[in-house]
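An overview of the molecular structure
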Amino acid sequence: IVFHSINTTDVPEGTNLYHTATRVESKITQKMADRSLTSLSVQGTITANEFVCDSDRRLKQRITSLSPSEALGAVLQLEPKSYRFKGNPKKRYGLVSQEVKGVIPDVVKVGSVTEGVNYLELIPFLIGSIQKLETEVRELRLLCGVSCKT
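I will try to describe carefully the structure that is included in this document. Computed from a prediction, not measured in an experiment: that's the story for all the values here.

Procedures and definitions
Residues numbered from 1 in each chain as written. Predicted model: local features only at pLDDT ≥ 70, side-chain atom pairs only at ≥ 80, totals over all residues. Heavy atoms only, no water. Helix = DSSP H or I, 4+ residues; strand = E, 2+ residues; numbered from the N terminus. Expected span 1.5 Å × (residues − 1). Buried < 20%, exposed > 50% of the residue type's maximum accessible area, 1.4 Å probe, protein only. Arc of directions from axis to C-beta. Contact = heavy atoms within 4.5 Å. Salt bridge = Lys/Arg side-chain N within 4 Å of Asp/Glu carboxyl O.

Attention shifts here to helix 4 (residues 123-144). For helix 4, built from 22 residues, the straight-helix expectation of 32 Å at 1.5 Å per residue is met to within 8% by its first-to-last C-alpha distance of 32 Å. Those residues of helix 4 that sit buried are F125, G128 and S129. Projected onto a plane normal to the axis of helix 4, the buried residues spread over an arc of 105 degrees and lie on a single side. Among the exposed residues of helix 4, those oriented more than 90 degrees off its buried face are I130 and L142. Its buried side turned inward, helix 4 meets helix 2 (68-77). Following helix 4 by one or two positions, G145 adopts a phi angle in the positive range, close to 85 degrees.

Listed below in structure tokens is the structure:
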């Protein structure tokens, strides 16, 4: 709950149950800057111009390639669905986390009550699948005598 017109300056930070918009924004900004904001849960729509994921090689270890064949094999096991959340008539599209967990368990986030899918983590599998399919198309063109044009 964000209160816009309550004076909380004399209330110790650790015991303050009232948050002004400025105080909340300041705290979030501070936690983002020092990277101590480790998760954010929102019900509803998040609108943004971009989402940027840390991807710098210097932040990573044990980097291994995901083979295009392995990527395609995983993608072919995923079953896209259309669905509606309970209590909401809006039609949506996606995957069921319990099904994804059996194929690519590392992209499933298991919470205390529900599960979710990190769709951004699926992108490398989609890229690998496209690469594998492109290789197969080129090979088929060569077999059929059709020149490969990019």
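Here we come to the pattern of salt bridges. Applying the stated criterion across every chain, the model contains 7 salt bridges. Residues R58 and D56 are paired through a salt bridge, measuring 2.5 Å at the closest nitrogen-oxygen approach. Judged by relative accessible area, which is 75%, R58 ranks as exposed. Assessed through its relative accessible area of 27%, D56 is described here as partly exposed. In this structure, K81 and E99 form a salt bridge, with 3.6 Å as the shortest nitrogen-oxygen distance. On the criterion of sequence distance, the pair formed by K81 in strand 1 (residues 81-83) and E99 in helix 3 (residues 97-101) is long-range, its members being 18 residues apart. For E99, a relative accessible area of 37% translates into the label partly exposed. Linked through salt bridges whose partners overlap, the residues forming this network are E79, K81 and E99.

Right, let's talk about the side chain of S129 for a bit. Secondary-structure assignment places S129 in helix 4. The exposure class assigned to S129 is buried, which follows from its relative accessible area of 5%. Residues within four places of S129 in sequence aside, it is in contact with P68, A71, L72 and V75.

With that out of the way, let us pick up the environment of E70. With respect to the element layout, E70 can be found in helix 2. Along the chain, E70 and S129 lie 59 residues apart, while their C-alpha atoms are 8.3 Å from each other.

We now examine the environment of Y119. Residue position: Y119 is located in the loop between strand 4 (115-117) and helix 4. Y119 gets classed as partly exposed once you look at its relative accessible area, which sits at 39%. Taking the C-alpha atoms as reference points, Y119 and V108, 11 residues apart in sequence, are found 9.0 Å from one another.

Among the structural elements, L66 can be located in the loop between helix 1 (21-33) and helix 2. With a relative accessible area of 30%, L66 lands in the partly exposed category. Taking the C-alpha atoms as reference points, L66 and G128, separated by 62 residues in sequence, lie 7.3 Å from one another. Setting aside chain neighbours within four positions, we find L66 in contact with A71, P124 and F125.

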